[in-house]
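Structural overview
If you want the building blocks of each chain, they are given just below.
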Amino acid sequence: MTLPYAEPLTVIDPAELVIPEPPRRGEEGGEPCFPCSAGSDSNLIWSDQHWTLHNPGRTGLPGSVWLASRAHFDSFADMPAEVASTFAEVCGCVERAVLSLGDVGRVHLYRWGDGGAHFHVWFVPRPLGRLDMSGAYLMAWEDALEPATEEQIAGAGRKIATAMKHR
Ligand SMILES: [Zn+2]
């Protein structure tokens, strides 16, 4: 795997510590929670009792989607048991739905959690044969690739939604 930048890259020192850390979206004192807002319905492509699945606003890798819990909790550490019991199954369904797009080498699952305090995970397809984009470098490439058009993102989302309904 390689970074999408020419050598030589240089190592820099870490920035100063920021403690206490500023509130994230959805935390007291922070910006409003996006998944809890009506605005999150605008890119909704599928949902069930516990989960909602969304298109991204922007990506260089169409077929990327994010899965959020309906309930507002932060992470695995405070995930209600009845939601946790469905997580692996819904992740498997989303993975199969993204694979059904074709020309997908692997589907990567990311949980970052630094931006918003409402549980969500990302599914990001690595294009078939793009071994240079393997592993953690996929997101560096995602940032450097030409952004997909709204229609490319919506079209991939429609196919994923159809596959989710027929799971
Ligand atoms: Zn929320």
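The structure we're discussing is the one just above.
Heads up: these notes are all about the structure in this document.

How each quantity is defined
- Residues numbered from 1 in each chain as written.
- Predicted model: local features only at pLDDT ≥ 70, side-chain atom pairs only at ≥ 80, totals over all residues.
- Buried ≥ 20, exposed ≤ 12 C-beta atoms within 10 Å, placed from the backbone.
- Helix = DSSP H or I, 4+ residues; strand = E, 2+ residues; numbered from the N terminus.
- Pairing = 2+ DSSP bridges.
- Expected span 1.5 Å × (residues − 1).
- Contact = placed C-beta atoms within 7 Å.

1. What to know about the pairing of strand β3 (residues 65-69)
Buried residues dominate β3, accounting for 4 of its 5 residues. Looking at chain direction, strand β2 (residues 51-54) and β3 are connected through 4 bridges and run antiparallel. The residue of β3 that forms the bridge with Thr 52 is Ala 68. Here 4 bridges tie β3 to strand β5 (residues 120-127), and the two strands are oriented antiparallel to one another. Opposite Val 65, over in β5, you have Phe 123 as the bridge partner.

2. Re helix α1 (residues 81-99)
The first and last C-alpha atoms of α1 sit 28 Å apart over 19 residues, in line with the 27 Å expected at 1.5 Å per residue. Those residues of α1 that sit buried are Val 90, Val 94, Ala 97 and Val 98. Contacts made by the buried residues of α1 are with β2, β3, β4 (104-110), β5 and α3 (150-165).

3. Focus: unusual backbone geometry
Here the amide bond leading from Glu 7 into Pro 8 is cis, since omega sits at 0°, within 30 degrees of zero. With respect to the secondary-structure elements, Pro 8 resides in the segment before β1 (44-47). Following Ile 19, the chain continues to Pro 20 via a peptide bond in cis, the omega torsion being 0°. With respect to the helices and strands, Pro 20 occurs in the segment before β1. Despite not being glycine, Asp 103 has its phi angle at roughly 55°, a positive value. Residue placement: Asp 103 occurs in the loop between α1 and β4. For Asp 103, a count of 11 C-beta atoms within 10 Å gives the class exposed.

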